[in-house]
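Observations on the model geometry
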Amino acid sequence: MKNQLTKLNILSLKGVQMRTFHITWLMFFVCFFGWFGLAPLMPTIRTELHLTKGQVGNIIIASVSATIIARLVIGKLCDTWGPRKTAIRLLLVGSLPVFFVGLAHDYTTFLLFRLAIGIIGASFVITQFHTSMMFAPNLKGTANAVTGGWGNLGGGVTNMVMPLIFATIVGFGYTSAQAWRYAMIVPGVMMLVIAFLYSKYTKDTPNGNYDEIGYTQGKSLKTDWSILADWRIWALTLSYAMCFGMEITFDNVASLHFVDSFHLSQSSAGFWAGIFGFMNLFARALGGIVSDKVGGKFGMRGKGLLLAGVLLFEGFGLILFAQSGTLLAAIISMLSFALFLKMANGATYGIVPFVNTKNVGLVSGIVGAGGNFGGMLFGFLFKSDSITYVQAFTYIGYTVMVVAVIVFLTRFYKQSVPDAKPDSVMAGSMV
């Protein structure tokens, strides 16, 4: 595709490519802020709604389950509608349950609202797709990792900020039961603001919107489900289930774990859970940058080996975290596994745009959905009355290490990334 950028100037807002770059990661950030806005407030919500451990587990599962289907649908819509229209409509529709979750006054209605809020997690697919449209092949891994990492940062910032918003509202004289409800208005408003920015300042491609340049004219819009026979896509899906799936699970349970295991206050627990998310400021980008560098020298085989390596270290770090007996040991081990987990996120999507260049949106959606599927499965461990949180983290750690071996054995491609041409990578990416 013409006019794709071959250099990434982080501080620039010049040109539609860089404006889109910054607005799309900000859209992702705001959606994650709203998606996990309730997580750091769960100690209060659990008490007010009299939730059992099993019910809390069901809420965690619900929060990530809707995103599985939503990511598959959004991947297809990016290919057909274009990422701009898809993003705007997702923001507008997704803001409704964020605004109205405060109407929930029992377990069932809260569970349903949490399920509905989960659709905004599909914003990730839009960001990855839109970034891929704006940057040439030599930069796709890096650009996708930076936007993905900065967007994921919303899951960390919300752990820190939402307890402060909650405390501020309580300071104005409202009860705790009222405060968590009013706090969710903040991310809802943020989503509407970003919808306006996305509409005004972005384009689907460097050359214009789909309907302006006739991007879909003459192209088959039939979904190419034959890609499901490609093992490489499933290896990447497993990989993303282990890294991103663990990330969203940790975003959901971290505050509760720190409160229950180390007797921290809700604000302190939110702070340390937020530190985990703040690693996205650089770690996911680092994974994408290293993936591009390794790919330039060793091709797709090098990218696959890098991904296997960071997954292995993630699993080992998770086991250390599970066995931590003190808060200091837990924080140190958390930062260790967080580094490799988020690098694995970036390294996974350093490969995704290249495995099937004619179906980039669909592949991005499938792999992205895999992340949420992993989070859903992990949620069953945390809802079980017979499995402690410590045991759940340990089991997940060993599972991640097994997937690392699977990725190690998968050959993603024989050709090197530099051989790919911009037009060949993105042309015909419609499904």
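Keep in mind that this is a model prediction, so the values were computed, not measured.

Calculation rules
Residues numbered from 1 in each chain as written. Predicted model: local features only at pLDDT ≥ 70, side-chain atom pairs only at ≥ 80, totals over all residues. Heavy atoms only, no water. Helix = DSSP H or I, 4+ residues; strand = E, 2+ residues; numbered from the N terminus. Buried < 20%, exposed > 50% of the residue type's maximum accessible area, 1.4 Å probe, protein only. Contact = heavy atoms within 4.5 Å. Areas by Shrake-Rupley, 256 points an atom, 1.4 Å probe, with all protein chains shown as cover. Lys, Arg positive; Asp, Glu negative; His and termini not counted. Charge placed at Lys NZ, Arg CZ, Asp CG, Glu CD. Polar contact = N/O pair within 3.5 Å; in protein donor to acceptor, adjacent residues only side chain to side chain. Phe/Tyr/Trp six-rings, centres within 6.5 Å; stacked < 30°, edge-to-face > 60°. Patch = residues over 30% accessible without salt bridge, like charges linked within 9 Å, V, L, I, M, F, W, Y side chains within 5 Å. Salt bridge = Lys/Arg side-chain N within 4 Å of Asp/Glu carboxyl O. 1 Å grid on protein atoms, 1.4 Å probe; cavity = no way out; pocket = protein on both sides within 12 Å on 5 of 7 lines; lining within 4 Å. Points joined across faces, edges and corners; volume = space filled by probe spheres on them. Nonpolar A, V, L, I, M, F, W, Y, C, P; charged D, E, K, R; others polar. Axes fitted to C-alpha atoms, helices over the stretch in contact; angles between N-to-C directions. Left-handed = near helix turned anticlockwise from the far one by under 90°. Parallel < 35°, antiparallel > 145°, perpendicular 65-115°, else oblique.

Counting its secondary structure elements, the protein chain contains 18 helices and zero strands. Principal-axis analysis of the C-alpha atoms gives the protein chain an extent of 55 × 45 × 40 Å. Residue burial in the protein chain is summarised as follows: out of 431 residues, 62% are buried. Considering only residue pairs separated by 6 or more positions, the protein chain has 85% of its internal contacts joining residues 24 or more positions apart. Counting only carbon and sulfur atoms, one obtains 68% of the accessible surface of the protein chain, whose full area is about 15700 Å². Of the charged side chains in the protein chain, 30 are positive and 16 negative, and the gap between their average positions amounts to 7 Å.

Relative to the helices and strands, Thr147 resides in helix α7 (residues 137–171). Assessed through its relative accessible area of 0%, Thr147 is described here as buried. In this view, Thr147 contacts Phe21, Thr24, Trp25, Phe28, Thr127, Gln128 and Thr131; residues no more than four positions away in its chain are not counted. At 3.3 Å, the side chain of Thr147 forms a polar contact with the side chain of Thr131.

Inspection of the entire model under this criterion finds 29 aromatic pairs. Judged by centre distance (5.5 Å) and plane angle (20°), the ring pair of Phe124 and Tyr240 falls under stacked. In this pair, Phe124 sits in helix α6 (residues 123–134) while Tyr240 sits in helix α11 (residues 231–262), placing the two residues 116 residues apart along the sequence. Residue class for Phe124 comes out buried when judged on its relative accessible area of 0%. For Tyr240, a relative accessible area of 0% corresponds to the buried category.

Side chains of Phe172, Tyr174, Tyr182, Ile185, Val189 and Val193 sit close together on the surface and give an oily, nonpolar patch of about 590 Å² of accessible area. No other element matches the three residues that helix α9 (residues 185–201) contributes to the nonpolar patch. We classify Tyr182 as partly exposed; its relative accessible area is 38%.

For the rest of this paragraph, the subject is the layout of surface pockets. Estimates place the volume of the largest pocket at around 290 Å³. What lines the largest pocket is a set of 17 residues, among which Trp234, Thr237, Ala369, Gly370 and Phe373 lie closest to the centre. For the lining of the largest pocket, the element with the most residues is helix α16 (residues 360–383), which contributes seven residues. Along the lines of polarity and charge, the residues of the lining of the largest pocket split into 14 nonpolar, three polar and no charged.

Turning our attention to the pattern of salt bridges. What the rule picks out here adds up to seven salt bridges. Between Glu48 and Arg181 there is a salt bridge whose closest N-O contact spans 3.1 Å. Within this pair, whereas Glu48 is found in helix α2 (residues 42–49), its partner Arg181 is found in helix α8 (residues 176–183), the two being separated by 133 residues in sequence. Classification of Glu48 as partly exposed rests on a relative accessible area of 25%. On the basis of relative accessible area, Arg181 is assigned to the buried category, the value being 9%.

Quick look at empty space enclosed by the protein now. By the definition in use, this model includes one cavity of 30 Å³ or more. Along its surface, the largest cavity is lined by Ala39, Met42, Ile59, Ile60, Ser63, Arg114, Asn252 and Leu256. Per-element accounting of the lining of the largest cavity gives the leading share, three residues, to helix α3 (residues 53–80). Looking at the lining of the largest cavity residue by residue, the classes come out as five nonpolar, two polar and one charged.

A few words now on the packing of helix α1 (residues 15–35) against α7. The relative placement of two packed helices is expressed as an angle between their axes plus a distance between the axes. Running from N to C, α1 and α7 cross one another at 35°; their axes reach a closest spacing of 7 Å. As for the relative orientation of α1 and α7, their crossing is right-handed in sense. Its residues placed into classes, the contact of α1 with α7 shows 13 nonpolar, nine polar and no charged.

Glancing now at the packing of α1 against α6. One can describe the packing of α1 onto α6 by two numbers: an axis separation of 9 Å at closest approach and a directional angle of 170°. One finds that α1 runs roughly antiparallel with respect to α6. Touching Gln17, Thr20, Thr24, Trp25, Met27, Phe28, Cys31 and Phe32 of α1 are Ser123, Phe124, Ile126, Thr127, His130, Thr131 and Met134, all from α6.

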